[in-house]
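Here are the chains, one letter per residue:
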Amino acid sequence: MRSHQIALCIAPLLPSLWVLHSLLSSDLGSAIGGRNDTTVSPSPISTAATSVGAQLLLFMALGILGYVGTNRLIPSIKYYMLKRGISGKDLGKKGTPSENEDIPEALGIVPGAIFLICLIFCLIGFATNHPSKLLDLNSALLSICFMLFLGFTDDVLEWPWRYKLFLPSVASLPLLCCYEGSTSVVVPIPLRQLLMNEGSLTTLGRLLCHFVVVDQNADGSIVNLGLFYLFYMGLLAVFCTNAINIHAGINGLEVGQSYVIGCAVLFHNLIEIQARSIAWENHVFSAMILLSFLGVSLALLRHNWYPASVFVGDTYCYFAGMTFAVVGILGHFSKTLLLFFIPQVINFLWSTPQLFKRIPCPKHRLPKFNSQTGKMEPSRVLLKSGKKEIANMTLINLCLQMLGPMSEQNLCVALLAFQTLCCAFGLYVRYNLAQMVFD
């Protein structure tokens, strides 16, 4: 990767590094002040703050080691993938001299394995300071390991879609079994009058009470969803793992979008830790996982960037999706997590007619490479009537329709820029607009 490409990779991480530096500086100042003032004993809060700063430094060091290990291991493992025939052709290079070149697939297994090793080492330090979170960490390891295994077998055996939708639900069961958070949701202020009016339940409120619990003491502002909330979180795991998988098809996009989302979630975690929110301990847990994830993902992105020397395969997509589901569920910010998946939600909704077979859906919907212009163009599909063609309904093709043909690298940069803007918008909604509709 060139210097300007490296700068683009580091840019999404800069806000998190700034908050981390501010957090560590304030913690260090508190520690020095406590040492100079011998008459005042350090409070438990300041001691915990210093401990969190030390933990974050340790987790960041493990993330750096994860980057180094992944970057060095990929060139070795890709040789074995080619030797075993786990490879494919780059369909975006048709008509070029490299169209028949075999490119190793399923290299997501390397960052996934390194990530699990880093997480096991994190377990030692994290469990010492947060023993109550040991069960959460073990369930996270189990779920991510299961999805990593499923993704690798999918790359080798090519599972049917019905299994891809079912198995993530099974993988999320350890997370749901050890979930100890609230199953209640806060109702937006404009909608509360639909549930309660002048201290009494409305018709809709009484109807909902047959399925959920409307808190009348809170004047309808809180609804306990119970098992429905757990069902929602199970669906969240399925969505995260498959949303990244279907928003793919060009070099660098799968890893790039995961890296940008990871940076946004980490920024959210560090803001909550710095503010010492009620759930700050859960955000430390999430930051621990994400620092290692970002390290291994950045190393993989270096090899998967255009022109890609390796393909990440479903292995990485499932591993990344389950990692986000883990931090969202066990970090108790599953609703906020969806704000960072706006492009994936748009892609899913736009793809619905093809996904549900209302419009013919080919196996590959990635854009078409025009060897004469050297640019990517929207791929097209023939309707059932056989008289008309339309562009395949993906966000990638929609971007090409709106912005015109462009090179594969520029197309990936445009999509990742859109991902970054959407994540920034999600953070704005979380910390500004949400205050207008919630207490």
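That block above? That's the structure.
Bear in mind the structure is a predicted one, so any value in this text is a computation, not a measurement.

Overview of a nonpolar patch on the surface
A cluster of nonpolar residues, Leu191, Leu194, Leu204, Leu207, Phe211 and Phe228, forms a patch on the protein surface that exposes about 600 Å² of accessible area. Its location among the elements puts Leu207 in helix α8 (residues 203-208).

With respect to the packing of helix α9 (residues 227-246) against helix α12 (residues 313-330)
Running from N to C, α9 and α12 point in directions that differ by 145 degrees, and their axes come no closer than 8 Å. Taken as a pair, α9 and α12 cross one another with a handedness that is right-handed. Within the contact between the two elements, α9 uses Met233, Leu236, Ala237, Cys240, Thr241, Asn242, Ile244 and Asn245 and α12 uses Asp314, Cys317, Tyr318, Ala320, Gly321, Met322, Phe324, Ala325 and Ile329. A class-by-class count of the residues in the contact of α9 with α12 yields 12 nonpolar, four polar and one charged.

A short note on the sheet that holds strand β3 (residues 184-186)
The strand order across the open sheet built from three strands is β3-β7-β6, with neighbouring strands paired in antiparallel fashion. Each end of this open sheet is capped by a strand with a single partner; those strands are β3 and β6 (213-214). Both β3 and strand β7 (residues 222-224) contribute to a ladder of three bridges, which runs antiparallel. Bridge pairing links Val185 to Val223 in β7.

Structural notes on α12
Across its 18 residues, α12 extends 26 Å between first and last C-alpha, which sits within 8% of the 26 Å expected from 1.5 Å per residue. A large share of α12 lies buried, amounting to 18 of its 18 residues. A positive phi of about 60 degrees marks His332, the residue just after α12.

Details of the packing of helix α6 (residues 161-171) against α9
The N-to-C vectors of α6 and α9 enclose an angle of 140 degrees; their axes lie 7 Å apart at closest approach. As summarised for this structure, α6 and α9 are arranged oblique, according to the angle between their axes. The two elements α6 and α9 cross, and the hand of that crossing is right-handed. The segment α6 lies against α9, with Trp161, Lys164, Leu165, Pro168 and Ser169 engaging Ala237, Val238, Thr241, Asn242, Asn245 and Ile246. A per-class count over the contact of α6 with α9 returns six nonpolar, four polar and one charged.

Looking at the nonpolar core
Note on soluble globular proteins: their nonpolar side chains tend to be buried together. With 108 residues, the main nonpolar core has Phe115, Met288, Ile289, Phe293, Met322 and Leu411 as its most contacted residues. Sequence-distant contacts of Met322, defined by excluding residues within four places in its chain, comprise Ser143, Ile144, Met147, Pro168, Ala171, Ser172, Leu175, Ala237 and Thr241.

So, the pattern of salt bridges
Once their charged atoms are close, side chains differing in charge can pair, the charge on each being opposite to the other. Evaluation of the coordinates by the stated rule reveals six salt bridges. One salt bridge connects Asp102 with Lys89, and the closest N-O pair in it is separated by 2.8 Å. Of the two residues, Asp102 sits in the loop between β1 (87-88) and β2 (103-104) while Lys89 sits in the loop between β1 and β2, which places them 13 residues apart along the sequence. Classification of Lys89 by relative accessible area gives partly exposed; the value is 41%. Note that Lys93 and Glu408 form a salt bridge whose closest N and O atoms lie 3.1 Å from each other. Of this pair, Lys93 sits in the loop between β1 and β2 while Glu408 sits in helix α16 (residues 408-437), and the two are 315 residues apart along the sequence. Like Glu408, Lys93 is buried.

The rules behind each value
- Residues numbered from 1 in each chain as written.
- Predicted model: local features only at pLDDT ≥ 70, side-chain atom pairs only at ≥ 80, totals over all residues.
- Heavy atoms only, no water.
- Patch = residues over 30% accessible without salt bridge, like charges linked within 9 Å, V, L, I, M, F, W, Y side chains within 5 Å.
- Areas by Shrake-Rupley, 256 points an atom, 1.4 Å probe, with all protein chains shown as cover.
- Salt bridge = Lys/Arg side-chain N within 4 Å of Asp/Glu carboxyl O.
- Helix = DSSP H or I, 4+ residues; strand = E, 2+ residues; numbered from the N terminus.
- Axes fitted to C-alpha atoms, helices over the stretch in contact; angles between N-to-C directions.
- Left-handed = near helix turned anticlockwise from the far one by under 90°.
- Contact = heavy atoms within 4.5 Å.
- Nonpolar A, V, L, I, M, F, W, Y, C, P; charged D, E, K, R; others polar.
- Pairing = 2+ DSSP bridges.
- Expected span 1.5 Å × (residues − 1).
- Buried < 20%, exposed > 50% of the residue type's maximum accessible area, 1.4 Å probe, protein only.
- Parallel < 35°, antiparallel > 145°, perpendicular 65-115°, else oblique.
- Core = buried A, V, L, I, M, F, W, Y, C linked by side-chain atoms within 4.5 Å.

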